[in-house]
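The chain contents come next:
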Amino acid sequence: MTTVDKNDLFEYALRLGDTSLVLGHRLSEWCGHAPEMELDMAMSNLGLDLIGQARLFLTYAGEIEGQITGGQGRDEDQLAYLRDVLDYRNFLLVEQPNGDWAVTIARQFYFSVFQQLYFQQLATSSDEQLAAIARKALPEIEYHVRFATEWVLRLGDGTEESKRRMQEGLVSLSRFTAELFESDDLENRLIAAGVAPDAALLRPIWQERIEDTLREAGLETPPPHRPVLGGRKGHHTEHLGYILTEMQYLQRAYPGAKW
Amino acid sequence: MKQEWPLWEVFIRSKNGLAHRHAGSVHAADAQMALENARDLYTRRQEGVSLWVVPSAQIVASDPSEAEALFEPAKDKIYRHPTFYDIPSNVKYI
């Protein structure tokens with residue numbers, strides 16, 4: 001078996017952790033603003049699941065960093081609160097604004113269906129820690145898929161207005177979905193070593209699941225769009241900076257603050 | 001104008017073998033949403049292993065003003081409590 005470069009592994013753990021962290025933060029923004037109190041709670045629950053995943057990935061990244069430098073790596077808080085936009089490695093999809101409820105549902109639907117397929121593979125990773133995190137997250141993700149799928153059906157099959165909004169949400173975010181299935185040299189090395197799943201292989205299954213649900217909901221599959229890429233390299237949309245400003249404010253203003 | 005979603009009553013079974021108990025209520029537009037909202041509101045701290053939701057409108061309730069007629073007559077019939085039996089000491093699980 002190929003030996004794994006620790007620097008690759010560190011970077012990969014950051015990618016996984018950042019994606020969960022940013023989406024978890026996005027969902028937390030609904031708290032107090034969701035259409036119903038019940039949905040406030042639902043969004044917070046989903047957000048907390050994702051932030052839980054992020055904590056595990058980032059803690060692991062910090063451990064690997066420690067092994068690389070032969071000292072103490074950064075901990076989860078340092079990684080989350082003290083890195084800038086260019087150092088974040090999340091997918092562009094998850095940093096997109098919440099929009100209306102339908103946009104949030106579209107984002108969750110695209111992402112959770114992908115994350116489920118991806119983590120099912122990651123659960124058999126040759127890296128025991130990544131595999132364990134994926135196995136722990138899978139039951140949560142199963143619920144996220146169910147929640148998002150049912151909302152797509154409900155809005156698509158609801159009123160004229162709900163259908164229009166759901167369709168617009170799906171179209172507006174579809175350009176960010178290609179990135180989920182891309183890989184770069186680093187990921188290709190990890191795929192060869194059995195650490196990372198080959199996301200490209202998951203794309204046809206993902207596409208089929210998305211289309212099945214949209215058909216059932218009476219919605220159109222968004223036409224292909226030129227993909228927008230860059231999250232892996234730290235090339236983000238303008239939205240991530242605002243997220244980090246809010247998320248990191250306390251640690252930036254009062255370094256080392258605890259509560 | 002905001003229209004309120006219908007109300008649903010939530011019942012939780014805390015563990016297998018026990019009965020479902022009333023836990024509270026949720027608003028939801030349909031049965032599936034009611035189940036999910038109940039999951040998100042009432043089982044966050046491992047409260048249960050099974051959920052029921054029932055449209056609140058389907059619950060038939062007794063009239064509080066008839067409470068006397070309905071429940072008072074049982075008051076002086078303490079012999080209905082199984083407390084007048086001697087339990088043999090070698091009987092377990094009672």
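Novice: Would you explain the nonpolar core in this entry?
Specialist: Taken as a class, soluble globular proteins show a tendency for nonpolar side chains to be buried jointly. One finds Ala13, Phe57, Ala61, Leu93, Ile105, Tyr110 and Val152 of chain A to be the most contacted residues of the largest nonpolar core, which totals 69 residues. When sequence neighbours within four positions are dropped, the list of residues in contact with Phe57 of chain A reads Ala13, Leu16, Gly17, Ser20 and Ile133 of chain A. Counting residues in each nonpolar core, the second largest holds nine residues, with Trp8, Ala28, Met33 and Ala38 of chain B among its members.

Novice: I would appreciate a short explanation of the interface of chain A and chain B in the present structure.
Specialist: The figure often quoted for interface size is the accessible area lost as the parts come together. The interface is formed by seven residues belonging to chain A together with 10 residues belonging to chain B. Mapped by element, the contributors of at least two residues to the side of chain A that touches chain B are α2 (37-69) and α6 (128-156) of chain A. The element that contributes the greatest number of residues to the side of chain A that touches chain B is α2 of chain A, accounting for four residues.

Novice: Any chance you could explain helix α7 (residues 160-174) of chain A here in plain terms?
Specialist: Three- or four-residue spacings in an α-helix give side chains the same orientation, since the helix completes a turn every 3.6 residues. With 15 residues, α7 of chain A should reach 21 Å at 1.5 Å per residue; the first-to-last C-alpha distance of 21 Å fits that figure. All of the buried residues in α7 of chain A are Arg165, Met166, Gln167, Gly169, Leu170 and Leu173 of chain A.

Novice: Honestly, the sheet that holds strand β2 (residues 20-27) of chain B in this entry has me stumped. Any pointers?
Specialist: Sheet strands pair by backbone hydrogen bonding; their relative direction is either parallel or antiparallel. All names here are of chain B. One open sheet holds the three strands; their spatial order is β2-β1-β3, and the pairing between them is antiparallel. Two strands in the sheet have a free side with no partner beyond their single neighbour: β2 and β3 (50-55). Between one strand axis and the next, the sheet turns through 30 degrees on average, direction left out of account. Sheet topology note: the strand β1 (residues 7-13)/β2 ladder contains seven bridges and is antiparallel. Looking across to β2, one finds that Ile12 is bridged to Arg21. Sheet strands touched by helix α1 (residues 31-42): β1, β2 and β3. Its angle to β3, the strand with the most contacts, is close to 130 degrees.

Parameters at a glance
Residues numbered from 1 in each chain as written. Chains lettered and ligands numbered in written order. Predicted model: local features only at pLDDT ≥ 70, side-chain atom pairs only at ≥ 80, totals over all residues. Core = buried A, V, L, I, M, F, W, Y, C linked by C-beta atoms within 7 Å. Buried ≥ 20, exposed ≤ 12 C-beta atoms within 10 Å, placed from the backbone. Contact = placed C-beta atoms within 7 Å. Helix = DSSP H or I, 4+ residues; strand = E, 2+ residues; numbered from the N terminus. Expected span 1.5 Å × (residues − 1). Pairing = 2+ DSSP bridges. Axes fitted to C-alpha atoms, helices over the stretch in contact; angles between N-to-C directions.

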